[in-house]
Structure formats: C-alpha cells, structure tokens
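# Observations on chain architecture
The residues making up each chain are set out below.
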Amino acid sequence: MPHSRRILTYAIATAAAVTAGLVLPSGATAAAPTATTSDFNGDGYADLAVGVPDGTVDGQAKAGYVNVVWGGPKGVGAHGSIRVTQATPEVPGAPEAGDRFGASVTLTDLNGDDIAELLVGVPGEDVTDRGADAGMVIAVGGSKDGPGPASTVLTGPAPAAAYGKSVAAADLTGGDNKVIVIGGTDKVVARVIQGEDSMITTVVTAPMGGRAPILTTGDFDSDGRDDLAVAYWTAGDPNTQSHVRLWKWDADRAEMANFWNTDSAGVTALAAGDFDGDGHDDLALGECREIADENIDDPCGPEKLAKGGGIHLHYGSPEAGSFGSRAQTLNQDTAGVPGVAEDGDRFGAALAVADVNRDGRDDLIAGAPGEAISSKAGAGAAWLLHGGAQGLLDAGGAARSVAWNQDTSGVPGVAETGDTFGAAAATGDYNADGVPDVTVGSPGENASLGAVWVLPRGSARDSAAFSPRTLGLPYLSTAQNYGKPLNSH
C-alpha cells in the first residue's frame with residue numbers, strides 16, 4: 001500500500017542550530033582525535049550504522065532495516081544495538097516487501113548538538129501520487145533515550161525514481177547549513193537547508209547504468225568549504241557516460257556548480273582524505289576501470305594497474321584550479337601491497353579513511369570482496385594502506401600496508417567461499433581511546449546472513465566479529481546480507 005508524503009520538519013526545525021560541516025580527516029593537523037559525529041545515543045562513543053536493505057521486517061521480505069550498533073569502552077559490537085525500521089515509532093511509512101529501507105545510511109550531526117541523526121535511503125518505497133519505487137530518504141533523530149523524532153527528507157518525483165539509492169550530508173554552502181545529497185535512478189539532487197527554509201536543486205542527471213551514484217564529500221579546492229564528489233558510469237550503451245565529477249556551491253546562482261571532471265572512468269567507491277599530510281584533501285577512486293576504452297587520458301592510471309581492481313588517487317593542491325594534477329595508482333601488484341592482482345578480486349570496491357597511526361596523514365582502508373583466499377573464491381580481504389609524505393606511495397612507488405582476511409592470525413572466523421569479507425568498510429573511535437578503529441563488512445558470511453568485523457586501532461590484535469545472531473536480531477534463518485552498507489565517522 002503506498003504511503004502519503006510527509007514534510008521534513010525535524011531537519012528544518014533544527015537547521016538554525018547547525019554549527020559544523022561533516023568532519024573529514026584533517027591531515028597534518030590531525031594529532032588529536034577528530035570530533036565524534038556518529039554518536040547516535042549521546043554517550044560520547046562513536047556508533048556504527050549497518051544498513052540491512054535485504055532484511056525481513058514483520059514478515060515482509062526486503063522491507064529492510066538499519067542496525068545502529070553502540071560503541072562503548074569495549075568497542076563496537078560489545079554493547080548491544082537497536083533496530084530501526086519503518087515500524088519504529090515516528091519513522092514515516094510502514095515496512096513493506098521490497099522497500100529496501102537501509103539501502104544507504106549516514107550518521108551525521110545535523111543540528112550541532114553532538115548527537116548524530118540517522119539518514120536512511122528507502123529506494124523501493126511506493127509513494128502516494130508518485131508511484132511505485134519512487135523512493136525516499138528519512139531523517140531519524142538521535143537521542144539518549146533511543147530514536148527521536150523522524151521525518152521525510154525527500155521523496156522521488158516519479159515511479160522508479162528510487163530516491164535513496166545513496167545519501168550524503170555536509171556543509172556545502174559554507175553558511176553553517178547542512179546539505180543532504182540524494183542519489184536515485186540516473187539522478188543526484190540536493191536538499192539545501194537555509195535557516196528555516198530549504199530548497200531542492202538538481203546536481204546531475206545522466207545515464208548511470210542502473211547503479212547507485214557514488215557520493216562523498218571533501219574540500220577539494222582548498223577554499224575551506226566542503227565540496228561534493230559524484231561518480232557514475234554506464235557500459236555497453238551507445239550513450240556511455242562515465243565520470244567522476246566535483247561540484248561546489250555557487251552562492252550567486254544558488255545551485256551546485258561542476259568544477260572538475262575525469263571522464264571515461266567507472267568506479268565502485270570514492271573516499272576523501274589527506275593522504276600526504278599537506279593540509280589539502282585528496283580523492284581516492286576505488287576499483288577504477290576505464291569504460292570508454294579510448295586510451296586517451298588513462299583516467300585510472302596505467303592500464304596494467306587496473307587488473308583485479310585498481311585504486312587511483314588525485315591529490316589536492318594549494319594552487320587554485322590544480323586539484324588532481326598529481327596522481328598515483330596502485331593495485332595488488334604494487335610493491336608493499338600484499339597479494340597478487342587477479343581478475344575478479346575487486347580491490348578497492350569499498351573504501352574508508354582515518355589516520356589510524358596518528359602520524360598526521362590519513363590512511364586508506366580498501367576492501368576486495370572478490371579476493372580468493374587459498375582455494376576459497378570470493379572469500380574476500382581488506383587492506384590498511386598508510387599515508388606518507390608522498391601519499392599512499394613513496395618516492396619509489398611502493399606502499400606501506402597490511403592485509404586482513406578471515407585466515408589472518410588473530411582475526412576470528414575462517415575464510416570460506418563467498419564470504420565477501422571487505423564488501424564494506426568504515427572507521428570510528430568506537431571505544432573513545434583516541435585512536436580510530438576499523439570495521440569491515442562480510443555480507444556473504446554464514447550463508448549470507450552476514451557479519452561485521454572490528455579491528456581495534458586498525459590491528460588484528462583483539463579483533464572481534466558481530467552478526468545478527470550475536471546481537472539477537474530476528475529472522476536468523478534468512479539471507480540478510482548484513483554488513484553492507486556501513487557508515488560511521
């Protein structure tokens with residue numbers, strides 16, 4: 001049964017109190033931990049949001065839910081969790097088969113009260129007067145007593161618009177106002193909150209091959225204000241369009257303006273961080289592949305480094321208009337990266353960023369869910385790639401990194417075919433000890449019930465796993481694919 005539209009009241013009512021944009025790694029000045037922006041229950045610990053769009057709710061297959069897993073003194077996964085669904089009081093709508101609530105998730109502090117809000121994409125939502133799978137994004141307020149008020153951020157304008165395939169939020173306007181960016185079918189839009197008012201602006205409309213547009217934010221032009229990175233691609237189509245594009249807020253025109261592109265590149269993940277510690281944000285393109293095969297500009301770097309999935313990096317610069325003029329590319333055949341590049345590894349299919357070793361340079365976590373471990377195809381693996389003076393590669397072109405999989409000493413479990421360990425990754429200081437921790441999703445674990453691994457301080461030592469079973473979630477006999485997506489900061 002379709003649902004009536006609800007007006008965004010929570011975000012607008014709190015917008016006047018917004019004080020900061022989305023916190024991103026601060027590179028050379030990051031000697032102290034960054035502020036927690038993912039504390040959903042206000043206890044001072046970073047929390048983790050796990051989207052479970054394939055989850056069953058009230059008997060409805062793929063109605064979907066979000067599992068907010070609490071951080072605490074013993075780290076994430078050791079202090080319980082809550083399950084947020086469309087059956088949760090004050091959350092708009094009702095759980096219906098195919099809604100896919102949780103297809104995208106973001107924890108971010110929208111109103112500057114140090115308690116995060118949860119943004120949830122519901123691309124399969126049927127909306128009254130809009131049609132089937134119009135989609136929507138919902139904002140759920142955080143609270144010390146559990147989920148607070150919730151409301152609709154935006155609904156799709158037409159059938160199959162699928163708003164909520166992806167979602168991000170940041171202070172893009174520079175006026176202490178959060179902008180909520182929403183990806184749908186062949187489209188990215190932004191809801192700009194300005195004081196007590198808001199407006200909707202289209203960022204880009206283009207063929208995207210049925211995939212969710214990839215979104216991330218960072219200050220790529222070094223003007224002190226967050227920008228938006230969008231990636232999308234098609235293949236096997238005469239109108240193939242494959243781009244990674246950067247957009248910034250144009251105050252005069254009151255819209256997002258495109259200021260940088262790399263064409264013919266299709267990517268699966270994006271991440272922003274200051275990997276060389278120069279104070280300027282860089283952009284990592286995960287599982288980068290050249291789509292148009294024009295061999296003109298090598299948008300993903302040397303072709304041989306795309307085997308098995310390559311990570312291509314564009315570096316920031318203090319010089320106006322020179323973002324991306326310096327680049328690096330790496331894969332599993334790069335010196336210092338454990339493993340061997342093989343077709344289907346999907347190296348870089350998931351990315352996350354944190355300064356794990358606290359040296360003032362951000363590090364990159366990269367997942368390869370297709371990686372074979374011994375004879376176990378698709379068991380999956382993840383890497384921690386350390387930043388340095390030159391970025392992720394030193395002057396000689398070598399990386400410093402470690403790799404993990406379920407056969408790594410100290411990591412719980414056993415690598416098995418189809419586990420897809422590394423399909424998602426996130427970071428956060430879940431135990432508030434001043435050092436970021438790493439979480440890695442494995443949605444194929446236990447016949448696709450799924451699980452998440454936490455690596456404290458980015459180390460296999462004292463690592464642990466949690467799953468719907470250990471957290472006491474319902475429907476333990478169904479394939480929930482728990483562990484993708486993940487979000488925390």
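This report concerns the structure included in the present document. Every residue gets a number counted from 1 within its own chain, in the order that chain's sequence is written. Residue-level local features of this predicted model are given only where pLDDT is at least 70; pairs of side-chain atoms are given and counted only at 80 or more, and the full residue set underlies all totals for whole chains, interfaces and linings. As a rule here, side-chain values come from all non-hydrogen atoms in the structure, and water together with hydrogens is ignored.

## Considerations on the nonpolar core
For soluble globular proteins, nonpolar side chains are generally found buried alongside one another. Grouped together as the largest cluster of nonpolar side chains are 24 residues, with contacts concentrated most on I311, L330, L364 and L385. Elements with a minimum of two residues in this core: β17 (269-273), β19 (310-315), β21 (350-354), β22 (363-368) and β23 (381-385). When near neighbours in sequence (up to four residues on either side) are disregarded, I311 contacts A284, L285, Q328, T329, L330, F347, G348, L351, L364, A366 and L385. Here, nonpolar core means buried Ala, Val, Leu, Ile, Met, Phe, Trp, Tyr and Cys residues that are tied together by side-chain atoms lying within 4.5 Å of each other. For each residue, the accessible area found with a 1.4 Å probe, counting protein chains only, is set against the maximum for its type, and the residue is called buried under 20%, exposed over 50%, and partly exposed in between. Helix numbering and strand numbering both begin at the N terminus, where a helix is a DSSP run of H or I of at least 4 residues and a strand a DSSP run of E of at least 2. Any two residues whose heavy atoms approach within 4.5 Å are treated as being in contact.

## Some points on the state of the cysteines
A pair of cysteine sulfur atoms is labelled a disulfide when the two atoms are within 2.5 Å. Applying the stated rule across the entire model yields one disulfide. The disulfide that involves C288 links it to C300, with 2.0 Å between the sulfurs. Linking C288 and C300, the disulfide has an S-S dihedral of approximately -65 degrees and is accordingly described as left-handed. Taken together, the positions of C288 in strand β18 (residues 282-290) and C300 in the loop between β18 and β19 put the pair twelve residues apart, joining distant regions of the chain.

## Points about the sheet that holds strand β11 (residues 197-205)
Read from one edge of the open sheet, four strands run β8-β9-β10-β11, paired in antiparallel fashion. Two strands close off the open sheet at either side, each with one partner strand: β8 (166-170) and β11. Looking at each pair of strands side by side, their axes are set apart by 20 degrees on average, direction ignored. Pairing of β8 with strand β9 (residues 179-184), which is carried by five bridges, proceeds in the antiparallel orientation. Paired with S166 across the two strands is G183, which belongs to β9. When DSSP finds two or more bridges between a pair of strands, those strands are recorded as paired. Axes, fitted as lines to C-alpha atoms, cover a helix only where it is in contact. Angles between the N-to-C directions of the axes lie from 0 to 180 degrees.

## Comments concerning the pattern of salt bridges
Any carboxyl oxygen of Asp or Glu within 4 Å of a side-chain nitrogen of Lys or Arg constitutes a salt bridge here. Taken as a whole and judged by the stated rule, the model has nine salt bridges. When the shortest N-O distance is used, the salt bridge between R100 and D54 registers 3.5 Å. With R100 in the loop between β3 (81-84) and β4 (104-108) and D54 in the loop between β1 (48-52) and β2 (65-69), this residue pair connects regions lying 46 residues apart in the sequence. Look at R100 and you get partly exposed, because its relative accessible area is 31%. According to the relative accessible area criterion, D54 is buried, its value standing at 18%. In this structure, R225 engages D223 in a salt bridge whose closest nitrogen and oxygen atoms are separated by 4.0 Å. Relative accessible area serves as the criterion here: at 18%, R225 is assigned to the buried category.

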